[in-house]
Amino acid sequence: PARINVDVRSVDRAAVVRLAESGDLDPAVVRSQARDALAAFLRLAILVSVLGGLALGASSQTLDDEIDEQLVGIARFVNAPPAARRWAASSA
């Protein structure tokens, strides 16, 4: 399984108020929603890569290489978001 770190840059205040008023947070639901959103994003990224490659007349090997590069890029972003990389570089 993959481990994902989330960097929150903005908060939906109305959602926070609703959560505070209800007093109920189910981590399983949050994980499920995050997993589903990430899976949908990955499917879309792969679809766009394949369709773009087909439109440009790329070979299946080229498409395979492009999808691999996209997935590696996404994995790097998930493991170390840009803000974390900037912080690590400035503290080194």
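Now for a quick tour of the structure. The model shown is predicted, which means the values in this text are computed figures rather than measured ones.

Our focus in this paragraph is the overall build of the chain. Scanning the chain for helices and strands turns up four helices and zero strands. With the model as given, the accessible surface of the chain reaches about 7700 Å², and the carbon-plus-sulfur share is 61%.

The interhelical angle for the contact between helix 2 (residues 27-56) and helix 3 (residues 60-79), taken along N-to-C directions, is 150°, at an axis separation of 10 Å. As far as their axial angle goes, helix 3 and helix 2 are roughly antiparallel. Crossing geometry of helix 2 relative to helix 3 is assigned as right-handed. Along the contact surface, helix 2 presents Phe41, Leu42, Ala45, Ile46, Ser49, Val50, Gly53 and Leu54, while helix 3 presents Leu63, Glu66, Ile67, Gln70, Leu71 and Ile74.

Let's shift gears to helix 2. In this model helix 2 runs 43 Å from its N-terminal to its C-terminal C-alpha over 30 residues, within 8% of the 44 Å that 1.5 Å per residue would give. For helix 2, the set of buried residues is Ala45, Ser49 and Gly53. Of the surrounding secondary structure, the elements contacted by the buried residues of helix 2 are helix 3. Looking one or two places after helix 2, you find glycine 57, whose phi comes out positive at around 75°.

What counts, and at which threshold
Residues numbered from 1 in each chain as written. Predicted model: local features only at pLDDT ≥ 70, side-chain atom pairs only at ≥ 80, totals over all residues. Heavy atoms only, no water. Helix = DSSP H or I, 4+ residues; strand = E, 2+ residues; numbered from the N terminus. Areas by Shrake-Rupley, 256 points an atom, 1.4 Å probe, with all protein chains shown as cover. Axes fitted to C-alpha atoms, helices over the stretch in contact; angles between N-to-C directions. Parallel < 35°, antiparallel > 145°, perpendicular 65-115°, else oblique. Left-handed = near helix turned anticlockwise from the far one by under 90°. Contact = heavy atoms within 4.5 Å. Expected span 1.5 Å × (residues − 1). Buried < 20%, exposed > 50% of the residue type's maximum accessible area, 1.4 Å probe, protein only.

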